[in-house]
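# Analysis of the macromolecular model
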Amino acid sequence: MGTFRLVISLIVITFSCFLYAEPIYTWVDKAGVVHYSQQPPKGVDATLIYSEDMEPAKIGTRTPQRKTPPTKEMTDLEKSAQIINAQDQKQAVEICESAKHSLNVLTTHTQLNQQNKETGETVAMTEEQRQAAIAENTERVKLFCK
């Protein structure tokens, strides 16, 4: 008889948690945010649901996502390229050809020299300077060669 009582007690304890399911109220505010609470809010039309009826995916928080991509500011080079392309097509073609030539030289040769603007002497170009010049001329080709 003791085993029977133990089995019945375990069954009652196991299923008694469903008897104590708490009511949960849900509503959407003016900003479109869904709220959940155990107390009904005053002055709001809330829907009564029970905790065992909720889907696990609806519990928790969610980070808001940006709906529109941020606008990209134009660089000075892009602004000047837009003006030159609109006003002086001949100058745009010259800049394009110059950038293509410079890019060709920069990508085919690794040991380059350049003239120092202040002193006028010829100095070896570092790899960082070469990579910066490649990036700048690539941008010019993209902006002026249309």
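Residues numbered from 1 in each chain as written. Predicted model: local features only at pLDDT ≥ 70, side-chain atom pairs only at ≥ 80, totals over all residues. Heavy atoms only, no water.

Under an unreviewed UniProt entry, the name given to the protein is DUF4124 domain-containing protein, and the organism recorded is Shewanella metallivivens.

### Topic: the pattern of salt bridges
Counted by the stated rule, this structure contains 3 salt bridges. Note that Arg140 and Glu136 form a salt bridge whose closest N and O atoms lie 2.9 Å from each other. Of the two residues, Arg140 and Glu136 both sit in helix H4 (residues 127-144), 4 residues apart, roughly one turn of that helix. Among the residues examined, Arg140 registers a relative accessible area of 28% and is labelled partly exposed. The partner of Lys142 in a salt bridge is Glu139, with the nearest N and O atoms 3.5 Å apart. Here the residue Lys142 and the residue Glu139 both occupy positions in helix H4, the gap between them amounting to 3 residues, near one helical turn. (Salt bridge = Lys/Arg side-chain N within 4 Å of Asp/Glu carboxyl O. Helix = DSSP H or I, 4+ residues; strand = E, 2+ residues; numbered from the N terminus. Buried < 20%, exposed > 50% of the residue type's maximum accessible area, 1.4 Å probe, protein only.)

### Describing the side chain of Asn137
Mapped onto the elements of the fold, Asn137 is located in helix H4. Judged by relative accessible area, Asn137 falls into the buried class, the value being 8%. Setting aside chain neighbours within four positions, we find Asn137 in contact with Ala99, Ser102, Leu103 and Leu106. (Contact = heavy atoms within 4.5 Å.)

### A closer look at the nonpolar core
Within the largest apolar cluster, 8 residues are counted, these being Ala99, Leu103, Leu106, Leu112, Met125, Ala133, Ile134 and Val141. For this core, the secondary structure elements donating two or more residues are helix H3 (89-108) and H4. Excluding residues within four positions of it along the chain, Leu112 makes contact with Val105, Leu106, Val123, Ala124, Met125 and Arg130. Ile84, Ala92, Leu143 and Phe144 belong to the second largest nonpolar core, which has 6 residues in total. (Core = buried A, V, L, I, M, F, W, Y, C linked by side-chain atoms within 4.5 Å.)

### Considering a nonpolar patch on the surface
A cluster of nonpolar side chains, contributed by Phe4, Val7, Ile8 and Ile11, occupies part of the molecular surface with about 350 Å² of accessible area. Locating Ile8 in the fold gives a position in helix H1 (residues 2-16). (Patch = residues over 30% accessible without salt bridge, like charges linked within 9 Å, V, L, I, M, F, W, Y side chains within 5 Å. Areas by Shrake-Rupley, 256 points an atom, 1.4 Å probe, with all protein chains shown as cover.)

### Some thoughts on the packing of helix H2 (residues 76-87) against H4
Across the interface, H2 lies against H4 with an axial gap of 10 Å and an inter-helix angle of 35 degrees. Relative to H4, the crossing made by H2 is right-handed. Residues Leu77, Glu78, Ala81, Ile84 and Asn85 of H2 form the contact with H4, whose participating residues are Glu139, Arg140, Leu143 and Phe144. Of the residues in the contact of H2 with H4, the class split is 5 nonpolar, 1 polar and 3 charged. (Axes fitted to C-alpha atoms, helices over the stretch in contact; angles between N-to-C directions. Left-handed = near helix turned anticlockwise from the far one by under 90°. Nonpolar A, V, L, I, M, F, W, Y, C, P; charged D, E, K, R; others polar.)

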